Structures are given as structure tokens and as C-alpha cells.
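Spelled out from the first residue to the last, the chains are:
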2 protein chains.
Amino acid sequence: MGSSRAGYEIPPGAGINTGRKHEPLPLSELLNSRFWEYKMHFGESYLQAATMLQPVGGMDAIAKAFEQRVGRLIRYKAEVTEIKQNSDGVQVIYRDRKSNQYQSVDGKFAICTIPLSVLTNIKADFSKEHQAAITVGASSYNRAVKVGFQSKRRFWEEDYNIYGGISWTEADIIQMWYPSTGFHNPQGIIVGAYIWSNDISKRWEAMTFNQRLSLAISQGEKIHPGYNQEVSVANGCTVAWGKVPYSQGAWISWEQDSRKKAYQVLNEPEGNVYFAGDYMSYLSGWQEGAILSAHKIVNDITTRVQNS
Amino acid sequence: MGSSRAGYEIPPGAGINTGRKHEPLPLSELLNSRFWEYKMHFGESYLQAATMLQPVGGMDAIAKAFEQRVGRLIRYKAEVTEIKQNSDGVQVIYRDRKSNQYQSVDGKFAICTIPLSVLTNIKADFSKEHQAAITVGASSYNRAVKVGFQSKRRFWEEDYNIYGGISWTEADIIQMWYPSTGFHNPQGIIVGAYIWSNDISKRWEAMTFNQRLSLAISQGEKIHPGYNQEVSVANGCTVAWGKVPYSQGAWISWEQDSRKKAYQVLNEPEGNVYFAGDYMSYLSGWQEGAILSAHKIVNDITTRVQNS
């Protein structure tokens, strides 16, 4: 009979309407599916579990709030080209992308939060050991690709009673995400692909934006027939973080081995240069990891100065 | 080692802080606990599962919205004392609690939404079969008891990182519910007991309000040491639906057997009297059931009139 966990084909109602449960899937089909491997309990995992809070206005709101408070300390459009150390401390040389002039900042210490994928191509007089660790880290990035559409209507709510959550697919698009806010608004944004497999990402990176959007539509069509009437290339957008110049990857995925070696090396400062960011935490890929790492390095430097 | 599903004693963080998972419970302890029986997946069950929407202002807002639209049709403070049928239709006699006078309403049909627990004590010229079904229903009510406190501070958030959800206990209070909104407000309401076992409810019904509140505090203290500093009898409230005059119970729990017999009898009109309400649906205890039942009965009567 199955339980009501999978929901009802006909919802239970008034009078003699006991409802009709969805036909249970055969056990063999469940076992042959890869869904149970982790997708079944994905939403219960440590980094995904409820209660999940979202900043009003999107995740960017957190970065924008920092900018509001410390923006006067930021040098914008400064592309770091070299990091040098001398007896006085650290010199960071950068190209001012407004004037195209090279300039520099000197300081006793530097906290480097440049992603390792970018840092690996920046000249630096780091030790061989640190440089090697950066190279390992640079090659460990997940090159996530996303596709999003503004849909004409919230067909997932109107037609399927889907209010938030994820559809998992075995196509390239891997996942479709439904918005968890704005229920019953006339329109909505649907995530049409969230790819975190580098093999697929590399194929998608090679496509034009329109090719990616078209492919996402045709693959999504298999999940939601009629999808191609709801979304279009014209109202889609896509990001491949592997191709974003100052990211060159979405987040680092330290392997167990590199956690033991490269990560531990970068966890120690290179002279007066400290490495900080989500990649220097056990919450890599999350703003929380970046903030905790910043706190840690500020403490490390404070302790060092106080003890010197 | 256990997984991260149970969370961390020390959350994973920056640098070499890998975090420390909660010590896994021994299998024997898990098997001996009754938690796994249904509490583990309670939040995934059909009637409790996400996405759960709440009316702004509380569940009452739905009833209030009905009142706003059809309030002019409602006779307030009318306590039904008798239901009679004659060749013209139905006569409902009621006591006007403002004037204390008996009055009546005549109609072709009556839709009776009085809980069976109350209806069983109202004079009516129903058939023996219907009267017997009402008696069965009346004895099938869950006499739920609730206790709530306005807490001085949201200690569950501040001290335990609890954001919504339920703590299950083996004490009388059964459950503590934490608010799912207003995170980080200075104060909050906590449900200190939600009893849905009639054995316990009957004991709690016999207590004074202050006795219930005191007992809820001392039992909650075992879950959250220091609880008695956060809540008090003075800022608590309690309801035992079994003692509420026009409810005499919280919701009906049809047994499988009574669903087959009594429920089926009441599903047919008694002459021109139709029975409607959450108890005449497979969503008993829920407003949704009451609304679906109302729709059904309106359709039934419409069909009958059109075919007559």
C-alpha cells in the first residue's frame, strides 16, 4: 500500500473521499535509483538543514552590509599583480584598472583572501612549499555552473503544488530549484540548472550563453512537460564560476589528502602573509567559513604582535 | 563516529577546527527509545510536512476573514437547544444568551456543524441510527490540553540554537514547541505542553490553571535546566478543550471501526439535516477538513434540490 509520505494522487477530503495514495515505487526501482545515495536526505544534512534563514534581498546583502560599514577602507578596481616580502613586512603591487597604472600598498602584515585558483597566477615570493600548496588548492576548485530563468508564471506552484525544494535529475542540469519565498506571486525565478560536477561544467563552460540556456530548457522539459512555454532563452541567465576572472571556480573542494597536506601548509602564514577565506575553513564555499576564517586570522596576528 | 546529521558539539570552523560531532547514541538506546516510532519522521508526515504556511496573526485569522465577509449572516450567542424536523423542513430552537429567550429558525435544510461531543447533549428527533452514530462520535474526541508561556527571553535560540520545531518528552507535557517566526526578538511564546493522550488530559483537566502551569514548568525544567527562571505561572495560559463548553473536545479521532459504521451513517443526511465539519472529513482536526466538508454538503444539497 505504501505510506502517505509520498503524498496522494487524490488528496483525502470530505465525506467518503479517503484519498488515494501515490502508487509506491517497486523496491528494485528504488534500489536501482541513485536517489537514495544522498539526495533523499540532502535537505537534512548539516549544511542544508532547516531552519534556513535567507537575507532579504539575497545573499549579496551580507557583502553589501560590509561595504556599507567598511567601504571607505576598500580600494576598488585594484587587480593584485604581485606580493613581495621584505624586512619591513609585505608589499602588494596592483594595477589600478581605472588609470591602468601600477601602484602598491605596504604593510606589516597582509591577509590574502584571493581565491587560490586566482592566486596561483599571481607573482609572489612565497616559499616552494606554500607555492606548491597553492597550486594543489587551485586545482581543487569546483567549477559550478548555474542557469536561472524568470518564469512567465509559477507553474510549479499552480500545476504541481511545489513550494520550494529541489527536483533532482540525471541530466546535465542535475537540479532544478524552486523559490522558497513569494508564493503565489504572478511570476518567479526558477533555477534551471545547478551543476557541480566538473566534467559537466567544463562542457557547459565551452558553450555560448544561449546554448546553455537552450540545453537547460530542453532538459528541464523532461521534468516539467510544457516548461519550454514558461521559460525562454530571452529571460534566462547563466554563470560558470570557472570562467569568472577573479573567481576562476566556485568553491574549493579539499580532498582528504590535500586537507592533510596543502591545507595545513596554508594554515601557517608565509612570513607575514596570512591566508584567509572560506577555503581556509571546514565550511568552504560558505560565507560563514570566510567570516570565521577572518576572525581566526585577526586573532592569530593579534596574538603574534602581542607576543613579539 | 556517527554522521553530522545529529549536529556538532563543536561546530566545524576556520583553520584546523574540524569540529567535533555529537557522540552517537548507542544502538540499544535508540532501539529502546520510543522516539523512532513516529517522532523521528513526524515532521515529514502528510499533515505536518513542509512547506507549511501560517496565516499572519495566527490560525484565527482564517475564521476572522470568514466573519468579515459573512458576519451579517451569523446569529451570535445563539445556543442551540433543539433540532426538530417537520414536513416543511427543519426547525432549530436556540436560547439567545443576551436576552435568555428561546427563539427558533426554520429552513428547508439545516447544515449542522456542531461538534458531535456537544450535539450528543442537544435534543433532536433524529433516527435511532443517527443518534447512535452521534453518541459513538461524541465518545471519540481527543481532549487535547495545551500550555503556553510568554518567555522572558528566547532562551531556546540564545542558549541552544533552536529555531522552531519540537522537543519530545516522556513526561505528561509530551511536547514543547518553539516559535517558527520572530527569530531573535527579545521575547517569544513557547508551547510548554501539548497533550493529546486522553489519559493524561483527564488528569490535567482536573487541575486548576495554576497547577497545570506549575507542573508544565517543572516538567519542562528537565528538558531545559533554568526554564523556571524564564517562564512563570503569571505569564502562562492553558486550554483543555474537553472543558470548553461549545467544543467539549479538540478533534474527533475516528477509530477504523467507527469510520466504517458511525461515520458512514452521519455521511448520509438525517432527513433534511446534513452534518458538516472537520469531523465529516478525512482531515479531522483541520480547518481544511471543515472547508472541504462544507463544500461537499453545499454540493449535496444543490444536487438534491436540482433533482427534486
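Residues numbered from 1 in each chain as written. Chains lettered and ligands numbered in written order. Predicted model: local features only at pLDDT ≥ 70, side-chain atom pairs only at ≥ 80, totals over all residues. Heavy atoms only, no water.

### Topic: a nonpolar patch on the surface
Consideration 1: Taken together, the side chains of F66, V70, L73, I74, Y76 and I291 of chain B make up a nonpolar region of the molecular surface, amounting to roughly 530 Å² of accessible area.
Consideration 2: Tracing the chain through its elements places I74 of chain B in the loop between α3 (60-70) and β3 (78-86). (Patch = residues over 30% accessible without salt bridge, like charges linked within 9 Å, V, L, I, M, F, W, Y side chains within 5 Å. Areas by Shrake-Rupley, 256 points an atom, 1.4 Å probe, with all protein chains shown as cover. Salt bridge = Lys/Arg side-chain N within 4 Å of Asp/Glu carboxyl O. Helix = DSSP H or I, 4+ residues; strand = E, 2+ residues; numbered from the N terminus.)

### Things to note about the relation of the copies chain B and chain A
Consideration 1: Turning chain B through 180° and shifting it by 0.0 Å along the axis lays it on chain A, with an RMSD of 0.1 Å. As the rotation angle and translation indicate, the two copies are arranged about a two-fold axis. Closest approach to the rotation axis within chain B is made by the C-alpha atom of A50 of chain B, at a distance of 5.1 Å. (Least-squares fit on C-alpha atoms with pLDDT ≥ 70 in both.)

### Thoughts on the interface of chain B and chain A
Consideration 1: In this assembly, 28 residues from chain B lie in contact with 28 residues from chain A.
Consideration 2: When chain B packs against chain A, the two sides together hide about 2300 Å² of surface, and 65% of this comes from carbon and sulfur.
Consideration 3: Run the count over chain B and chain A and you get two salt bridges.
Consideration 4: Residues E44 of chain A and R5 of chain B are paired through a salt bridge, measuring 3.7 Å at the closest nitrogen-oxygen approach.
Consideration 5: The interface formed by chain B and chain A holds eight residue pairs in polar contact (both at pLDDT 80 or more) in total.
Consideration 6: Going through the elements one at a time, α11 (262-266) and α12 (287-307) of chain B are the ones with two or more residues in the side of chain B that touches chain A.
Consideration 7: Per-class residue counts for the side of chain B that touches chain A are 14 nonpolar, eleven polar and three charged. (Contact = heavy atoms within 4.5 Å. Buried area = accessible area lost by both parts, 1.4 Å probe. Polar contact = N/O pair within 3.5 Å; in protein donor to acceptor, adjacent residues only side chain to side chain. Nonpolar A, V, L, I, M, F, W, Y, C, P; charged D, E, K, R; others polar.)

### Thoughts on the side chain of E157 of chain B
All names here are of chain B.
Consideration 1: In this fold, E157 is placed in helix α6 (residues 155-160).
Consideration 2: Of the residues examined, E157 reaches a relative accessible area of 2% and is grouped as buried.
Consideration 3: At 2.8 Å, the side chain of E157 and the backbone nitrogen of H184 are in polar contact.
Consideration 4: Sequence-distant contacts of E157, that is, excluding residues within four places in its chain, are made with I162, Y163, F183 and H184. (Buried < 20%, exposed > 50% of the residue type's maximum accessible area, 1.4 Å probe, protein only.)

### Considering helix α7 (residues 198-205) of chain B
Residue and element names in this part refer to chain B.
Consideration 1: Where α7 is concerned, the buried positions are I200, S201, W204 and E205. In a view along the axis of α7, the buried residues occupy a sector of 135°, so they form one face of it. Residues of α7 that are exposed and angled more than 90 degrees away from the buried face: D199 and K202. (Arc of directions from axis to C-beta.)

### Comments concerning the pairing of strand β3 (residues 78-86) of chain A
Residues and elements named next belong to chain A.
Consideration 1: Strand direction decides the pairing type here: β3 and strand β4 (residues 89-96), joined by eight bridges, are antiparallel. Residue pairing across strands places E79 opposite R95, the latter belonging to β4.
Consideration 2: Here β3 folds back onto β4, and the loop between the two strands holds two residues.
Consideration 3: Taken together, the two bridges between β3 and strand β7 (residues 123-124) define a ladder with parallel strand orientation. Along β7, the bridge assignment pairs E82 with K123. (Pairing = 2+ DSSP bridges.)

### Structural notes on the layout of surface pockets
All names here are of chain B.
Consideration 1: For the second largest pocket, the calculated volume is near 230 Å³.
Consideration 2: In terms of lining, the second largest pocket is formed by R34, E37, Y38, K39, T169, E170, A171, I174, W196, S197 and I200.
Consideration 3: A per-class count over the lining of the second largest pocket returns five nonpolar, two polar and four charged. (1 Å grid on protein atoms, 1.4 Å probe; cavity = no way out; pocket = protein on both sides within 12 Å on 5 of 7 lines; lining within 4 Å. Points joined across faces, edges and corners; volume = space filled by probe spheres on them.)

### A look at the domain arrangement of chain A
Consideration 1: Each assigned domain of chain A is listed here: domain 1 (60-140 + 258-307) and domain 2 (142-243).
Consideration 2: Here the C-alpha centroids of domain 1 of chain A and domain 2 of chain A sit 34 Å apart. (Domains from an automatic or database assignment.)

### Considering the pattern of salt bridges
Residue and element names in this part refer to chain A.
Consideration 1: Evaluated as defined, the whole model comprises 26 salt bridges over all chains.
Consideration 2: R20 is the salt-bridge partner of E9, the closest N and O atoms lying 3.1 Å from each other. Placement of the pair is E9 in strand β1 (residues 8-10) and R20 in strand β2 (residues 20-21), with a sequence separation of eleven residues.
Consideration 3: R20 gets classed as partly exposed once you look at its relative accessible area, which sits at 45%.
Consideration 4: Counted as one network, the salt bridges with shared partners bring together R153, E158, D159 and E230.

### Considering the sheet that holds strand β7 (residues 123-124) of chain B
Consideration 1: Taken in spatial order, the four strands make up an open sheet running β5-β4-β3-β7 (chain B), and their pairing is mixed. Across the chains shown, the open sheet's two edge strands, defined by having one partner strand only, are β5 (101-107) and β7 of chain B.

### Regarding the sheet that holds β4 of chain A
Whenever strands of a sheet pair, they do so through backbone hydrogen bonds, lying parallel or antiparallel.
Consideration 1: Ordered by their spatial adjacency, four strands build an open sheet running β5-β4-β3-β7 (chain A), and the pairing between neighbours is mixed. Sheet topology places β5 (101-107) and β7 of chain A at the edges, where each strand pairs with a single neighbour.

### A closer look at the packing of aromatic side chains
Residues and elements named next belong to chain A.
Consideration 1: Counted according to the given criterion, the structure contains 34 aromatic pairs over all chains.
Consideration 2: When the ring of F149 is compared with that of Y227, the centres are 6.2 Å apart and the planes differ by 90°; the resulting orientation is edge-to-face. Residue F149 is located in strand β9 (residues 145-151), and its partner Y227 is located in helix α9 (residues 227-230); the two are separated by 78 residues in the primary sequence.
Consideration 3: Residue class for F149 comes out buried when judged on its relative accessible area of 1%.
Consideration 4: Overall, Y227 belongs to the buried group, its relative accessible area being 0%.
Consideration 5: Connected via pairs of aromatic rings, a cluster forms that spans Y38, F42, W168, W177, Y194 and W196.
Consideration 6: Taking NZ or CZ as reference, R259 lies 4.4 Å from the ring centre of Y263, over its face.
Consideration 7: Against the face of Y282 rests R259, its NZ or CZ located 3.9 Å from the ring centre. (Phe/Tyr/Trp six-rings, centres within 6.5 Å; stacked < 30°, edge-to-face > 60°. Lys NZ or Arg CZ within 6 Å of the ring centre and 35° of its normal.)

### Things to note about the environment of Q150 of chain A
All names here are of chain A.
Consideration 1: Tracing the sequence through the fold places Q150 in strand β9.
Consideration 2: For Q150, a relative accessible area of 35% gives the class partly exposed.
Consideration 3: In sequence terms Q150 and G236 are 86 residues apart; their C-alpha atoms lie 6.4 Å from each other.
Consideration 4: Excluding its chain neighbours within four sequence positions, the residues that come into contact with Q150 are Q187, G188, I189, E230 and N235.

### Brief notes about helix α8 (residues 209-220) of chain A
All names here are of chain A.
Consideration 1: Taking 1.5 Å per residue as the helical rise, α8 with its twelve residues ought to reach 16 Å, and the 16 Å between its terminal C-alpha atoms agrees with that figure.
Consideration 2: Those residues of α8 that fall on the buried side of the exposure criterion are R212, L213, A216, I217, Q219 and G220.
Consideration 3: The inward-facing, buried residues of α8 abut β9, β11 (175-178), β12 (188-195), α7 (198-205), α9 and β13 (236-240). (Expected span 1.5 Å × (residues − 1).)

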